[in-house]
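Chain by chain, the residues run as shown.
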Amino acid sequence: MLRSVGQRRVTADGVDPRVAELRAAVSRLRRELAGHRPEFADRGIAEDELAALDAMALSGAPEVWRLRRSLLLVAGAIGSVSALTEGLAAVRRAVELFGPATPRQPDA
């Protein structure tokens, strides 16, 4: 099936597969983080940014620069918690499905 430039692929239920992938990856990492009992200094930041990523995905048309910013904050907050590296990598791959970062437009 041919699509016009700018059209997005959607599943049978009308969901962009990139959004579905991002939501699944974020959900997985959130569960892993909740199950990780040892405390670390920036856990709250990671939890907040994962919630922000999920909210952006729910919006249906997230801005790539915002996704990447949240991803960087999550990665920085999780740091070297090796138990969470697979989940973090899945979130990174899901964010990359949205394409390269575009420069943020300056506020007017």
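Structure's up top.
Notes on the structure follow. In this text, all values refer to a predicted model and were calculated from it rather than measured experimentally.

### Looking at the overall build of the chain
And then number 1: Check the secondary structure of the chain and you find four helices and zero strands.
And then number 2: Classification of the 108 residues of the chain by burial places 34% in the buried group.
And then number 3: Of all intrachain contacts in the chain linking residues separated by at least 6 positions in sequence, the fraction that spans at least 24 positions is 67%.
And then number 4: Surface summary for the chain: the accessible area is close to 7000 Å², and the carbon and sulfur share equals 54%.

### Looking at the pattern of salt bridges
And then number 1: Scanning the entire structure with this criterion turns up eight salt bridges.
And then number 2: Ionic pairing is found between Asp54 and Arg23, a salt bridge with its closest N-O pair at 2.9 Å. One end of the pair, Asp54, is in helix α2 (residues 43-59); the other, Arg23, is in helix α1 (residues 17-35), and 31 residues separate them in sequence.
And then number 3: A salt bridge links Glu32 to Arg28; its shortest N-O distance comes to 2.9 Å.

### Looking at helix α3 (residues 64-78)
And then number 1: Helix length check: α3 (15 residues) gives 21 Å between terminal C-alpha atoms against 21 Å at 1.5 Å per residue, within 8%.
And then number 2: By the burial criterion, the buried members of α3 are Val64, Trp65, Leu67, Ser70, Leu71, Val74, Ala77 and Ile78.

### Notes on the nonpolar core
And then number 1: If you look at the biggest cluster of nonpolar residues, it comprises 26 residues, and the most contacted ones within it are Leu22, Leu29, Leu53 and Val91.
And then number 2: Secondary structure elements with two or more residues in this core: α1, α2, α3 and α4 (85-96).
And then number 3: In this view, Leu22 contacts Leu53, Ala57, Leu67, Val91, Ala94, Val95 and Phe98; residues no more than four positions away in its chain are not counted.

### Notes on the side chain of Arg18
And then number 1: Locating Arg18 in the fold gives a position in helix α1.
And then number 2: Side chain to side chain, Arg18 and Asp16 meet in a polar contact 2.6 Å long.

### Quick word on the environment of Ala61
And then number 1: Following the sequence through the fold, Ala61 ends up in the loop between α2 and α3.
And then number 2: Given the relative accessible area of 62%, Ala61 is considered exposed.
And then number 3: Put simply, Ala61 and Asp16 are 45 residues apart on the chain and 9.2 Å apart in space, counted from C-alpha to C-alpha.

What counts and what doesn't
All residue numbers refer to position in the chain's written sequence, counted from 1. For a predicted model such as this one, the threshold for reporting local features is a pLDDT of at least 70, and the threshold for listing and counting side-chain atom pairs is 80 or more; totals across whole chains, interfaces and linings nevertheless cover every residue. The side-chain numbers reported here are obtained from all heavy atoms of the structure, hydrogens and water having been left aside. Secondary structure is summarised from DSSP: a helix means a run of H or I of at least four residues, a strand means a run of E of at least two, and numbering begins at the N terminus for each. Categorising residues by exposure relies on relative accessible area from a 1.4 Å probe, with only protein chains included: less than 20% of the type maximum marks a residue as buried, more than 50% marks it as exposed, and the intermediate range marks it as partly exposed. Residue contacts are defined here by distance: any two heavy atoms, one from each residue, within 4.5 Å place the two residues in contact. The Shrake-Rupley method, run with a 1.4 Å probe sphere, supplies the accessible areas, and residue values consider only the shown protein chains as cover. Salt bridges, as used here, are contacts in which a Lys or Arg side-chain nitrogen is within 4 Å of a carboxyl oxygen on Asp or Glu. What a helix is expected to span follows from its residue count: subtract one and scale by 1.5 Å. Only buried residues count toward a nonpolar core. Its members are Ala, Val, Leu, Ile, Met, Phe, Trp, Tyr and Cys residues joined through side-chain atoms within 4.5 Å. Throughout this description, a polar contact denotes any pair of N or O atoms lying within 3.5 Å of each other; where both atoms belong to protein, one of them has to be capable of donating a hydrogen while the other can accept it, and for residues adjacent in sequence the pair is counted only when both atoms sit in side chains.

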